[in-house]
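# Structure assessment
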Amino acid sequence: MGTAAAAGEGAGRALRWLPWLGLCFWAAGAAAAAARGTDNGEALPESIPSAPGTLPHFIEEPDDAYIIKSNPIALRCKARPAMQIFFKCNGEWVHQNEHVSEESLDESSGLKVREVFINVTRQQVEDFHGPEDYWCQCVAWSHLGTSKSRKASVRIAYLRKNFEQDPQGREVPIEGMIVLHCRPPEGVPAAEVEWLKNEEPIDSEQDENIDTRADHNLIIRQARLSDSGNYTCMAANIVAKRRSLSATVVVYVDGSWEVWSEWSVCSPECEHLRIRECTAPPPRNGGKFCEGLSQESENCTDGLCILGMENASDIALYSGLGAAVVAVAVLVIGVTLYRRSQSDYGVDVIDSSALTGGFQTFNFKTVRQGNSLLLNSSLQPDLTVSRTYSGPICLQDPLDKELMTESSLFNPLSDIKVKVQSSFMVSLGVSERAEYHGKNHSGTFPHGNNRGFTAVHPRNKTPYIQNLSSLPTRTELRTTGVFGHLGGRLVMPNTGVSLLIPHGAIPEENSWEIYMSINQGEPSLQSDGSEVLLSPEVTCGPPDMIVTTPFALTIPHCADVSSEHWNIHLKKRTQQGKWEEVMSVEDESTSCYCLLDPFACHVLLDSFGTYALTGEPITDCAVKQLKVAVFGCMSCNSLDYNLRVYCVDNTPCAFQEVVSDEKHHGGQLLEEPKLLHFKGNTFSLQISVLDIPPFLWRIKPFTACQEVPFSRVWSSNRQPLHCAFSLERYTPTTTQLSCKICIRQLKGHEQILQVQTSILENERETITFFAQEDSTFPAQTGPKAFKIPYSIRQRICATFDTPNAKGKDWQMLAQKNSINRNLSYFATQSSPSAVILNLWEARHQHDGDLDSLACALEEIGRTHTKLSNITEPQLEEADFSYSRQNGL
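Residue positions are counted from 1 within each chain, in the order its sequence is given. Whole-chain, interface and lining totals are the exception, using all residues; otherwise, since this is a predicted model, local features are given only for residues with pLDDT of at least 70 and side-chain atom pairs are given and counted only at 80 or more. Excluding hydrogens and water, the side-chain figures rest on all heavy atoms present in the structure.

### What to know about the overall build of the protein
Numbering of helices and strands runs from the N terminus, with a helix taken as a DSSP run of H or I at least four residues long and a strand as a DSSP run of E at least two residues long. Scanning the protein for helices and strands turns up 15 helices and 51 strands. Only protein chains enter the accessibility calculation, which uses a 1.4 Å probe; a residue is then buried when its area is under 20% of its type maximum, exposed when over 50%, and partly exposed in between. A total of 888 residues make up the protein; the buried ones form 45% of that total. Residue contacts are defined here by distance: any two heavy atoms, one from each residue, within 4.5 Å place the two residues in contact. By sequence separation, contacts in the protein at least 24 residues apart represent 70% of the contacts at least 6 residues apart. In these tables, accessible area is a Shrake-Rupley quantity obtained with a 1.4 Å probe, and a residue counts as shielded only by the protein chains included in the view. With the model as given, the accessible surface of the protein reaches about 45500 Å², and the carbon-plus-sulfur share is 51%.

Below, the structure written as structure tokens:
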């Protein structure tokens, strides 16, 4: 009995010690594995047999650390109660010999405290190649079990030398917005940014007008004169500090006129004056001086002022002079009338329609030789002064402007008689008679050397102008479409003008009839000074329509884009008909956005209206792109063939107007149009016909080369500029025409149009004016109007609208799509990514280049799939592939 009880008690004690024995065996195995290291790949057990006591509690866990240069870092771990602590790095146990361990007793609890640390070197981190950063973790155990610490990452710290974007200097008007962009150098950890003004730190908390929190950018909401200075972006982390290039900011003030002073006392000359000064405020820091007059004078007696004569001799002198003038006038009139009735001399003016606004060649031939009225037969008249004139000159007088209409470019004139007199012969009392015979090609009166010519008789001019006034003229192109919540695209065919209404811009259950038009009449925007119109005037409406997200308006332009040579502005017409500047395309603005491409400007707007682009050339190297084209048609005379060479602004709508006019008048395009780069260097344009086949064709005399003044080309905002040439066949059997048209600017660019055509319409090859893709479906609504499927668009926005520590957010999306300016505009939008994608849609409406967007996303590290190979149903299933990786 006693023996059995003793045996039972022994067995009970053995059972109570079994967990302790298991723990000892486990600890021994753990120590052995740590001693062997990780070469054999054995892993320590993650748990031990249960035993009475407490799980280890970490008093200190390892922290994230950065290796600076070649200095190793120490990772520490402290836990209680802890029988043993080992480090695991990247899933493998660290060798026991690399651990340094210390043991102590917690006096308050009586529990054993163990502290362990290891060193991690730069070489260890560089040799690790895994899907995530190098990491280490502590595992501690006690009698009851094990506990794991947090994972601590170890990274090599660095800071590159060059800034990804340096701030750029700016000149802004007072109270304008200043935005200085700064993208610090890439670094680990990410660099902190600080702004300096004139080497002094900027504290945005003490100045509410300054904000430095927006993605490292410096924003000054309303510029003050005191904000002028040199700004520097400072980037620093634990490794180094970097300085950006300094940006000079100049806040300028344009001068304004004080109010006019009171009129001065009436002077002896019967005038009084008033003045005003440019001091309210005066121009500062390079601002513009006041425009207009600083002094004004006017008659102070309502024109009734009579200056007193000092003495009777003055009265006699002025009376004698007056009588002499009257006598000479009467004598001249009498002699002129007599000679006109007796003159047997005349001159024939042989050429084409003189009043059509094109170019004119005058050739005068004497009808009869000799004149009995010559006072001295040995004295020969200077016929070069005004009796003979040849050579094409561009018309620049009011008569030309009055007659320059659509019809006058093509229609022949009825016979118009023009009186032409030689100033030399008039001085001898001899008059000459001339007749002008209108023909079927265009021409003008000469300008600049016309002192010997008189104007057209009013009786001949008036009926012609009345006939022109009855002709219909086109004033605008127009298209409309009805759009709702799904949005869409409105396109003006063959003009380069389009309007993109984003999805959601119109509230649900609403729909609007939206229209768009192009002014083809006289431009309402009158250029000031050196400013020129670079685009058509485009109107979109209705004006009272409100959108919840910006729409995109695409306007073509003819500028050779360069910020060094052009200052390009977006302007809007007010309800009063005046034009106001919305912004310069290089400005920072949160109200609208302009993206200038080589041939078009894409504008993000939130209000409808009439818009246009103007340009102010900064240097003589500013270039307008002109489209040059040659059209041909048979003349009324069966042997004649007319060539018309056009030089118009390189916008599709300008060329469409030419095509419409030529189609109406039977003209055919003879060669594919070409681009001519016309510089703002004040040199004129020459157009000449070369290499005409001899013995088959001949050109009318003095019309082989024609010249257009610089101002007529540079500021040509009215009817299309064209030059007419008339060719004549020797025989009716000649049906083929080959020649060259040379269009060149003096000291500038040159283009050659090669004409090789049949003058017979049924044998002529047709040249396409416009691509087919832009001539159908002017209005597209709903998803079919957009290149990016809506489901994919939503996922892109959800991904990039969220800020990312590595910078992979909407700003990177903008940068990869070549949108590097005025990013503060997108920061104010509820979904910056959606607005960026709207801009992408506007830019790629013709090519729909989804590959470019896919490449941009791949560079950011978001996708590996080419969009152009995926259809809409496949996209619903694939969800962009990166959506699965990012949990979208």
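### Section: the sheet that holds strand β7 (residues 112–120)
The pairing criterion is simple: DSSP has to find at least two bridges between the two strands. As summarised here, the arrangement of the four strands in space is β1-β3-β7-β6, forming an open sheet in which the pairing is antiparallel. At either end of the open sheet lies a strand with only one pairing partner, and these are β1 (57–60) and β6 (100–105). Taken pair by pair, the neighbouring strands of this sheet meet at an average axis angle of 25°, ignoring direction. In this sheet, strand β3 (residues 73–80) lies alongside β1 in antiparallel orientation, the contact comprising three bridges. Directly across from His 57, in β3, lies its bridge partner Arg 80. The axes are straight lines fitted to the C-alpha atoms, using for helices just the contacting stretch, and the angles between their N-to-C directions are given from 0 to 180°.

### Digging into the side chain of Ser 824
On the secondary structure map, Ser 824 appears in helix α11 (residues 823–827). Owing to a relative accessible area of 9%, Ser 824 belongs among the buried residues under this scheme. Apart from residues lying up to four places away in sequence, Ser 824 is in contact with Val 179, His 181, Glu 588 and Thr 590.

### Quick word on the nonpolar core
A general tendency of soluble globular proteins is for nonpolar side chains to be buried together. Ranked by internal contacts, the top residues of the largest apolar core, which has 67 residues, are Leu 499, Leu 553, Leu 643, Ile 741 and Ile 743. For Ile 741, the contacting residues outside a window of four places in its chain are Val 630, Leu 643, Val 645, Ile 687, Ser 688, Val 689, Gln 751, Ile 752, Leu 753 and Val 755. In plain words, nonpolar cores are sets of buried Ala, Val, Leu, Ile, Met, Phe, Trp, Tyr and Cys residues tied together by side-chain atoms within 4.5 Å. Judged by nonpolar contacts, the second largest core, of 31 residues, contains Leu 500, Ala 785, Ile 796 and Phe 826.

### Comments concerning the side chain of Lys 571
Topologically, Lys 571 is positioned in strand β36 (residues 566–573). For Lys 571, the residues in contact, after removing those within four places along its chain, are Leu 525, Glu 531, Trp 579, Glu 580, Glu 581, Val 582, Thr 610, Tyr 611, Ala 612 and Thr 614.

### Side note on the packing of helix α9 (residues 790–800) against helix α12 (residues 832–843)
Direction vectors running N to C along α9 and α12 enclose 130°, while the axes themselves pass 8 Å from each other. As far as their axial angle goes, α12 and α9 are oblique. α12 is crossed by α9, and the crossing has right-handed handedness. Across the interface between the two elements, Arg 793, Ile 796, Cys 797 and Phe 800 from α9 touch Ser 833, Ala 834, Leu 837 and Asn 838 from α12. For this scheme, ten residues count as nonpolar: Ala, Val, Leu, Ile, Met, Phe, Trp, Tyr, Cys and Pro. Four count as charged, namely Asp, Glu, Lys and Arg, and the remainder, Gly too, count as polar. A breakdown of the residues in the contact of α9 with α12 according to their chemical character gives five nonpolar, two polar and one charged. In what follows, roughly perpendicular refers to angles from 65 to 115 degrees, roughly parallel to angles under 35, roughly antiparallel to angles over 145, and oblique to any angle outside these ranges. The crossing is said to be left-handed when, going from far helix to near helix, the turn is anticlockwise and less than a right angle, and right-handed when the turn is clockwise.

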